[in-house]
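The primary structure of each chain is shown beneath.
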Amino acid sequence: MSLILSLLLLQAAPHAMPGEATVDPYVASNANAGATPFTGDAMVKAFHGQDGINRVVDGMVTLAYADPVIGEIFTSHDKVRLKRTLVEQFCYILNAGCVYSGRDMASSHKDLGVQRKDMNRLVELLQQAMRAEKIDFQAQNRFLSKLAPMHHDVVGR
């Protein structure tokens, strides 16, 4: 019964989990992840399962917050929420059995002023985190090709 209640609460109020700052309510949907998931299990295996996905996200977020080029974009953001929603997003897209509860890409990046050079730098940091996890270059490129179309919703106009 508590699992069902937890799932209902997540659907009703995905905007804040314990330890996170609240955000304006929104409708949670896997469609908000910005990409359709891969089929099969090859990609999730290439990323070493959910543990590997967690390490990649942790590495990328750690690098991004400390980065002299784009770190200031992240300083005022909820690091706990960012990590959780990125893990969910990556896990969903990699077909690792997760549900994405975050906002859509356009509204979550609205008014951040992200420029193309910032996005390019974040991709470099993601690549660095994937290399540290020893993810095959071809799998990295396949994953990046899923994420690439999102730049239209992330980069400010």
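No experiment lies behind these values; they were computed from the predicted model shown.

Novice: Describe in detail the environment of Asn-95, supporting the description with residues and values.
Specialist: Checked against the element boundaries, Asn-95 lands in the loop between α5 (79-93) and α6 (105-109). The contact partners of Asn-95, leaving out residues within four places of it in the chain, are Pro-37, Phe-38, Thr-39, Gly-40 and Val-44.

Novice: Would you mind going over the side chain of Ser-101 in detail, with residue names and values included?
Specialist: Within the element layout of this structure, Ser-101 appears in the loop between α5 and α6. Here Arg-84 takes part through its side chain, which lies 2.7 Å from a polar atom of the side chain of Ser-101.

Novice: Go over helix α8 (residues 137-147) with me, naming the residues and quoting the values.
Specialist: Those residues of α8 that sit buried are Ala-139, Gln-140, Phe-143, Leu-144, Lys-146 and Leu-147. For α8, the arc enclosing every buried residue in end-on projection is 155°, short of the 170-degree limit, so these residues lie on one face. Exposed and oriented more than 90 degrees from the buried face of α8 are Phe-137 and Gln-138. The distance from a side-chain oxygen at the start of α8 to the backbone nitrogen of Gln-138 is 2.9 Å, and the residue carrying that oxygen is Asp-136.

Novice: Report on the state of the cysteines, specifying residues and quantitative values.
Specialist: One pass over the structure, following the stated rule, counts 1 disulfide. Across the disulfide, Cys-91 is cross-linked to Cys-98 (sulfur-sulfur distance 1.9 Å). Disulfide Cys-91-Cys-98: the torsion about the S-S bond is 65°, which places it as right-handed. Exposure class is identical for Cys-91 and Cys-98. Each is buried.

Novice: Which residues make up the packing of aromatic side chains, and what values go with them?
Specialist: Two aromatic rings are characterised by how far apart their centres lie and by the angle between their planes. As enumerated under the stated definition, the model contains 3 aromatic pairs in all. Seen from their ring centres, Phe-47 and Phe-143 are 5.1 Å apart, and the 65° between their planes marks the pair as edge-to-face. Of the two residues, Phe-47 sits in the loop between α2 (42-46) and α3 (49-66) while Phe-143 sits in helix α8, which places them 96 residues apart along the sequence. Here the two residues Phe-47 and Phe-143 agree in accessibility, since each one is buried. On the basis of an interplanar angle of 80° and a centroid distance of 4.9 Å, the ring pair of Phe-90 and Phe-143 is categorised as edge-to-face. Here Phe-90 is found in helix α5, whereas its partner Phe-143 is found in helix α8, with 53 residues between them in sequence. Accessibility assignment for this pair places Phe-90 and Phe-143 in one class, buried. A network of ring pairs unites the aromatic residues Phe-47, Phe-90 and Phe-143 as a single cluster. The ring centre of Tyr-65 lies 4.7 Å from the NZ or CZ of Lys-79, which sits over that ring. Taking the ring centre of Phe-38 as reference, the NZ or CZ of Lys-146 above it sits at 4.9 Å.

Definitions and limits used
Residues numbered from 1 in each chain as written. Predicted model: local features only at pLDDT ≥ 70, side-chain atom pairs only at ≥ 80, totals over all residues. Heavy atoms only, no water. Helix = DSSP H or I, 4+ residues; strand = E, 2+ residues; numbered from the N terminus. Contact = heavy atoms within 4.5 Å. Polar contact = N/O pair within 3.5 Å; in protein donor to acceptor, adjacent residues only side chain to side chain. Buried < 20%, exposed > 50% of the residue type's maximum accessible area, 1.4 Å probe, protein only. Arc of directions from axis to C-beta. Disulfide = S-S within 2.5 Å. Phe/Tyr/Trp six-rings, centres within 6.5 Å; stacked < 30°, edge-to-face > 60°. Lys NZ or Arg CZ within 6 Å of the ring centre and 35° of its normal.

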